[in-house]
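Residues per chain are reported as follows:
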Amino acid sequence: MQTVAVIDYGMGNLHSVAKALEHVGAGKVVVTSDAAVIREADRVVFPGVGAIRDCMAEIRRLGFDSLVREVSQDRPFLGICVGMQALLEHSEENDGVDCIGLFPGQVRFFGKNLKEDGEHLKVPHMGWNEVSQTIDHPLWHDIPDRARFYFVHSYYINAGKPGQVVGRGHYGNDFAAALADGSRFAVQFHPEKSHTHGLQLLQNFVAWDGRW
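These numbers were taken from a predicted model, which means no experiment stands behind them. (Residues numbered from 1 in each chain as written. Predicted model: local features only at pLDDT ≥ 70, side-chain atom pairs only at ≥ 80, totals over all residues. Heavy atoms only, no water.)

1. Considerations on the packing of helix 1 (residues 14-23) against helix 6 (residues 195-207)
Formally: For every element, the axis is a line fit to its C-alpha atoms; helices are fit only across the contacting stretch, and the angle between N-to-C directions ranges from 0 to 180 degrees. Working definition: helices are DSSP H or I runs of at least four residues, strands are E runs of at least two. Numbering for both runs from the N terminus. Note on terminology: angles under 35 degrees are roughly parallel, angles over 145 are roughly antiparallel, angles of 65 to 115 are roughly perpendicular, and the others are oblique. We call two residues in contact when some of their heavy atoms are within 4.5 Å. Under the grouping applied here, Gly and all other residues not named as nonpolar or charged are polar, the nonpolar ones being Ala, Val, Leu, Ile, Met, Phe, Trp, Tyr, Cys and Pro and the charged ones Asp, Glu, Lys and Arg.
Running from N to C, helix 1 and helix 6 cross one another at 70 degrees; their axes reach a closest spacing of 9 Å. The angle between helix 1 and helix 6 falls in the class roughly perpendicular. Counted together, A20, L21 and H23 of helix 1 and L199, L202, F205 and V206 of helix 6 form the full contact between these two elements. Considered class by class, the residues forming the contact of helix 1 with helix 6 number 6 nonpolar, 1 polar and no charged.

In structure tokens:
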């Protein structure tokens, strides 16, 4: 039986993610902060919620920045929400925070005066939004283009390499909703809260061999 490790660094909706993975038949799902257990896992999920400065402080304190670089190279790896943002180079949040740097690019604030066609948009961006699939990827299997997923975020990703953007969203600005590179896949939305399409993405992750 395969093991899926959900990295616990104190920031994330960990048990909802774990239960959703179990629901789609992930095998043994372990929520853990034990580096040895994470290294032994067949697949790794890196969730996150909250302020990026607090997240990165815990990630670095636990040595998970180097661990994430290591384990994401050779097995299926999924970053979710702030877990995705932490994989970028830098975030504007909290006056600027350096992140892990697995994906080139910046995490930027939507702004206090975000508008669409003259209409004021609330920040954080919270609720259902379409994701346009820009590149065919195994994790999009059986998910229609422009399917809707559930988002909660005040900061968005401006990717440094357009070729790594496999899904795009729009909320006042275009933003990277999904990034991929080798065995790494990361999403800004919450698949565990996105009903049918989110569960399908998690099921695809469980079946994925890390190649595309």
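After that view of the structure, there is still more to cover.
2. Observations regarding unusual backbone geometry
To keep it simple, the criterion reads: Each residue gets one of three labels from its accessible area relative to the maximum for its type: buried under 20%, exposed over 50%, partly exposed in between, using a 1.4 Å probe on protein chains only.
The step from V123 to P124 runs through a cis peptide bond, and the omega angle for that step is 15 degrees. Tracing the sequence through the fold places P124 in the loop between strand 9 (119-120) and strand 10 (125-133). Phi is positive for D142, close to 65 degrees, though the residue is something other than glycine. Taking the relative accessible area as the measure of exposure, D142 reaches 59% and is therefore exposed.

3. Quick notes on the packing of aromatic side chains
Selection rule: Only centres within 6.5 Å qualify two rings of Phe, Tyr or Trp (six-membered ring in Trp) as a pair; their planes then separate them into stacked at under 30 degrees, edge-to-face at over 60, and tilted for everything else.
In this structure the tally under the stated criterion is 12 aromatic pairs. Summarising the aromatic geometry, the rings of F110 and F175 are spaced 6.0 Å apart at their centres and angled 85 degrees between planes, so their arrangement reads as edge-to-face. With F110 in the loop between strand 7 (105-109) and strand 8 (115-116) and F175 in strand 14 (residues 173-181), this residue pair connects regions lying 65 residues apart in the sequence. The pair F110 / F175 is uniform in exposure class, with both members buried. Ring centres of F151 and F189 lie 5.7 Å apart, and the angle between their planes is 75 degrees; this geometry places the pair in the edge-to-face category. Here F151 is found in strand 11 (residues 147-153), whereas its partner F189 is found in the loop between strand 15 (184-187) and helix 6, with 38 residues between them in sequence. Of the aromatic side chains, those joined through ring pairs into one cluster are F110, W140, F149, F151, Y156, Y171, F175, F185 and F189.

4. What to know about the sheet that holds strand 5 (residues 90-91)
Threshold: Note: two strands are recorded as paired if DSSP finds a minimum of 2 bridges between them.
The mixed open sheet is built from 4 strands, whose spatial order is 6-5-7-12. Only two strands of the sheet have a single neighbouring strand rather than two, namely strand 6 (97-98) and strand 12 (155-159). Sheet topology places strand 5 next to strand 6; 2 bridges connect them, and they run antiparallel. By the bridge assignment, S91 is partnered in strand 6 with V97.

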